[in-house]
Amino acid sequence: MKILVTGASGQFGRRAADLLLEVLEPGELVLVSRRPESLADFARRGVEVRAGDFDQPHTLDSAFAGIDRLLLISTDSVGAKRRRQHGNAIAALKRAGVGHIIYTSFIGASVDNPAISASEHGATEALLRATGIPCTFLRDSQYSEAIAQFVAPDALLTGRWMTATGEGQIGLVSREDCVACAVAVLTGSGHENKVYNLTGPQLLSYRQCAQLTAEYGGRPVEYIPCSEEQKYAFFDALGVPRRIEGDGPIAGPIPWPSEEMVSFERALREGYFAVLSDDVKTLIGRPPISLRQIFEQYSATIQAAVAAQSVAH
Ligand SMILES: NC(=O)c1ccc[n+]([C@@H]2O[C@H](COP(=O)([O-])OP(=O)(O)OC[C@H]3O[C@@H](n4cnc5c(N)ncnc54)[C@H](OP(=O)(O)O)[C@@H]3O)[C@@H](O)[C@H]2O)c1
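Residues numbered from 1 in each chain as written. Predicted model: local features only at pLDDT ≥ 70, side-chain atom pairs only at ≥ 80, totals over all residues. Heavy atoms only, no water.

Caption draft 1: Here's a closer look at the domain arrangement of the protein chain. For the protein chain, the assigned domains read domain 1 (3-140 + 175-197) and domain 2 (145-168 + 202-312). Distance between the C-alpha centres of domain 1 and domain 2: 26 Å. Contacts between domain 1 and domain 2 engage 25 residues on the former and 23 residues on the latter. Summed over both sides, the interface of domain 1 with domain 2 buries roughly 2,100 Å², with 63% coming from carbon and sulfur. Sorting the residues of domain 1 by area buried against domain 2 places Val-78, Pro-114 and Asp-177 first, and these three jointly supply 27% of that buried surface. For the salt bridge of Arg-286 with Asp-177, the shortest nitrogen-to-oxygen distance reads 2.6 Å. At the boundary of domain 1 with domain 2, the tally comes to eight residue pairs in polar contact (both at pLDDT 80 or more). Of all the elements, helix α7 (residues 175-187) adds the most residues to the side of domain 1 that touches domain 2, at seven residues. Residues of the side of domain 1 that touches domain 2, tallied by class, amount to 13 nonpolar, five polar and seven charged. (Domains from an automatic or database assignment. Contact = heavy atoms within 4.5 Å. Buried area = accessible area lost by both parts, 1.4 Å probe. Salt bridge = Lys/Arg side-chain N within 4 Å of Asp/Glu carboxyl O. Polar contact = N/O pair within 3.5 Å; in protein donor to acceptor, adjacent residues only side chain to side chain. Helix = DSSP H or I, 4+ residues; strand = E, 2+ residues; numbered from the N terminus. Nonpolar A, V, L, I, M, F, W, Y, C, P; charged D, E, K, R; others polar.)

Caption draft 2: Region of interest: the site of the ligand. Taken together, 23 residues lie near the ligand, and Gly-7, Ser-9, Phe-12, Arg-34 and Ser-74 sit nearest. Contact between the ligand and Arg-34: an oxygen atom at 2.7 Å from a side-chain N or O atom of the residue. Measuring from an oxygen atom of the ligand, one finds a backbone N or O atom of Asp-76 at 3.3 Å. In the complex, the protein chains occlude 85% of the 870 Å² of accessible area that the ligand would expose alone. Going through the elements one at a time, α1 (11-20) and α4 (80-96) are the ones with two or more residues in the shell around the ligand. Per-class residue counts for the shell around the ligand are six nonpolar, 10 polar and seven charged. (Near = heavy atom within 4 Å. Areas by Shrake-Rupley, 256 points an atom, 1.4 Å probe, with all protein chains shown as cover.)

Caption draft 3: Examining the UniProt feature "domain: NAD(P)-binding" (unreviewed entry) in the protein chain more closely. Using the residue numbers shown here, the UniProt feature "domain: NAD(P)-binding" (unreviewed entry) corresponds to residues 7-145. Its end C-alpha atoms 19 Å apart, residues 7-145 is made of 39% helix and 19% strand. (UniProt positions renumbered as here; feature names shortened; annotations may be inferred.)

Caption draft 4: Up close: the packing of helix α9 (residues 228-238) against helix α10 (residues 258-269). Closest axis-to-axis distance for the α9/α10 pair is 10 Å, and the angle between their directions is 150 degrees. As far as their axial angle goes, α10 and α9 are roughly antiparallel. Crossing handedness for the pair α9 and α10: right-handed. Seen from α9, the contacting residues are Glu-228, Lys-231, Tyr-232 and Phe-235; seen from α10, they are Ser-258, Glu-259, Met-261, Val-262, Glu-265, Arg-266 and Arg-269. Here the contact of α9 with α10 is built from residues that sort into four nonpolar, one polar and six charged. (Axes fitted to C-alpha atoms, helices over the stretch in contact; angles between N-to-C directions. Parallel < 35°, antiparallel > 145°, perpendicular 65-115°, else oblique. Left-handed = near helix turned anticlockwise from the far one by under 90°.)

Caption draft 5: Examining the side chain of Ser-105 more closely. You can see Ser-105 is positioned in strand β5 (residues 100-106). Within the local environment of Ser-105, its side chain forms a polar contact with the side chain of Glu-125, the two groups lying 2.7 Å apart. In this view, Ser-105 contacts His-121, Glu-125, Leu-138, Arg-139 and Asp-140; residues no more than four positions away in its chain are not counted.

Caption draft 6: Fine view of the pattern of salt bridges. Under the counting rule described, the total for this entry stands at 18 salt bridges. One continuous salt-bridge network, built from bridges that share partners, spans Glu-228, Arg-266, Arg-269 and Glu-270.

Caption draft 7: Quick look at α9. Glu-228, Lys-231, Tyr-232 and Phe-235 are the residues of α9 that are buried. End-on, the buried residues of α9 take up no more than an arc of 100 degrees, which puts them together on one face. The outward face of α9, more than 90 degrees from its buried face, is lined by the exposed residues Glu-229 and Ala-237. Packed against the buried residues of α9 are β7 (160-163) and α10. One or two positions beyond α9, positive phi appears at Gly-239, with a value near 85 degrees. (Buried < 20%, exposed > 50% of the residue type's maximum accessible area, 1.4 Å probe, protein only. Arc of directions from axis to C-beta.)

Caption draft 8: Fine view of the sheet that holds β5. What the seven strands build is an open sheet, ordered β3-β2-β1-β4-β5-β6-β9; its pairing is parallel. Strands with a single pairing partner mark the edges of an open sheet, and in this sheet they are β3 (48-51) and β9 (194-198). Recorded for the sheet is a direction-independent mean angle of 20 degrees between the axes of neighbouring strands. (Pairing = 2+ DSSP bridges.)

Caption draft 9: Layout of unusual backbone geometry. The phi angle at Asn-193 is positive, at roughly 60 degrees, despite the residue not being glycine. With respect to the element layout, Asn-193 can be found in the loop between α7 and β9. Of the residues examined, Asn-193 reaches a relative accessible area of 61% and is grouped as exposed.

Caption draft 10: Structural detail: the packing of aromatic side chains. Scanning all chains against the criterion turns up seven aromatic pairs. Centroid distance Tyr-216 to Phe-295: 5.4 Å. Interplanar angle 85 degrees. Geometry classified as edge-to-face. In this pair, Tyr-216 is assigned in helix α8 (residues 206-217) and Phe-295 in helix α12 (residues 291-297), connecting sequence segments 79 residues apart. On the accessibility criterion, Phe-295 (0% relative accessible area) is buried. Aromatic rings pair up to connect Phe-106, Phe-264 and Phe-273 into one cluster. (Phe/Tyr/Trp six-rings, centres within 6.5 Å; stacked < 30°, edge-to-face > 60°.)

What follows is the structure, encoded as structure tokens:
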């Protein structure tokens with residue numbers, strides 16, 4: 001059995017490769033990346049590393065040849081570019097005759113979801129279904145690592161958490177659990193044509209996340225509910241573009257256009273992400289990691305923000 005991971009040099013891909021090598025022989029694993037040289041450590045362990053770029057369809061036939069199961073890791077682009085990238089990859093997977101595709105989708109994925117990213121994932125799922133190839137959709141919720149690594153430190157630095165999410169809730173999940181689920185599906189059986197909702201142990205509003213942040217940082221964090229217009233104005237002031245012109249790259253301090261982030265907040269507020277499921281435990285046999293546990297893991301990052309805030313004031 002040959003198992004392939006696309007976009008293998010990212011955080012998800014590298015961790016998946018590490019976990020796969022705990023159960024597979026190196027010769028059973030193929031890693032594909034735009035930058036195969038960044039996976040030299042895996043090549044030294046006997047893993048086949050191939051070049052493949054969803055922006056360059058001609059690279060994909062050789063990248064996907066001779067594969068039984070494949071983990072399709074969604075790219076980090078947004079908008080028309082990501083739709084085109086995923087379309088290129090799926091067309092090549094069909095040509096290559098891959099036996100089973102496992103796709104990292106997003107919670108609430110649907111073309112009707114107001115969040116641009118969730119609607120893109122819905123469109124990709126539809127393209128995958130249309131291939132007729134057995135697929136498994138892993139609908140990852142928002143990663144709690146992103147909250148612990150970026151959002152919570154920023155809230156502690158500024159003392160504010162301003163959001164248009166209202167009292168909407170989401171079941172934040174750890175990337176680590178999502179990778180473990182992907183590996184369980186790639187190496188297990190009976191997962192064809194299933195959808196798994198990968199969520200953490202509880203639904204949380206961002207107000208509750210802000211409270212937890214203040215508790216961990218030992219500093220107040222003011223929770224400021226705002227309108228979408230106010231959130232756009234906030235991003236405008238930072239110089240974040242509302243939309244991507246062409247294929248990017250995105251100029252400015254944040255690698256996403258504000259339309260993407262504000263539409264995400266609207267979907268969260270309107271309940272599109274309020275999904276709680278036991279699928280993580282079903283797939284990996286242990287309960288999902290909580291946001292508190294992730295905050296413990298990132299305590300150095302959180303404490304660094306607290307220290308910087310103390311210096312600034
Ligand atoms: N659920 C969530 O909250 C959440 C949060 C963040 C990300 N995500 C999604 O999960 C994915 C993996 O997350 P991550 O943390 O591993 O992100 P990451 O470290 O930023 O990795 C991004 C991945 O996208 C791949 N990629 C980018 N452009 C590509 C192209 N033209 N062709 C093929 N692959 C391309 C990269 O592959 P190479 O560089 O190896 O080619 C890389 O593995 C992200 O791309 C995103 O779609 C979900």
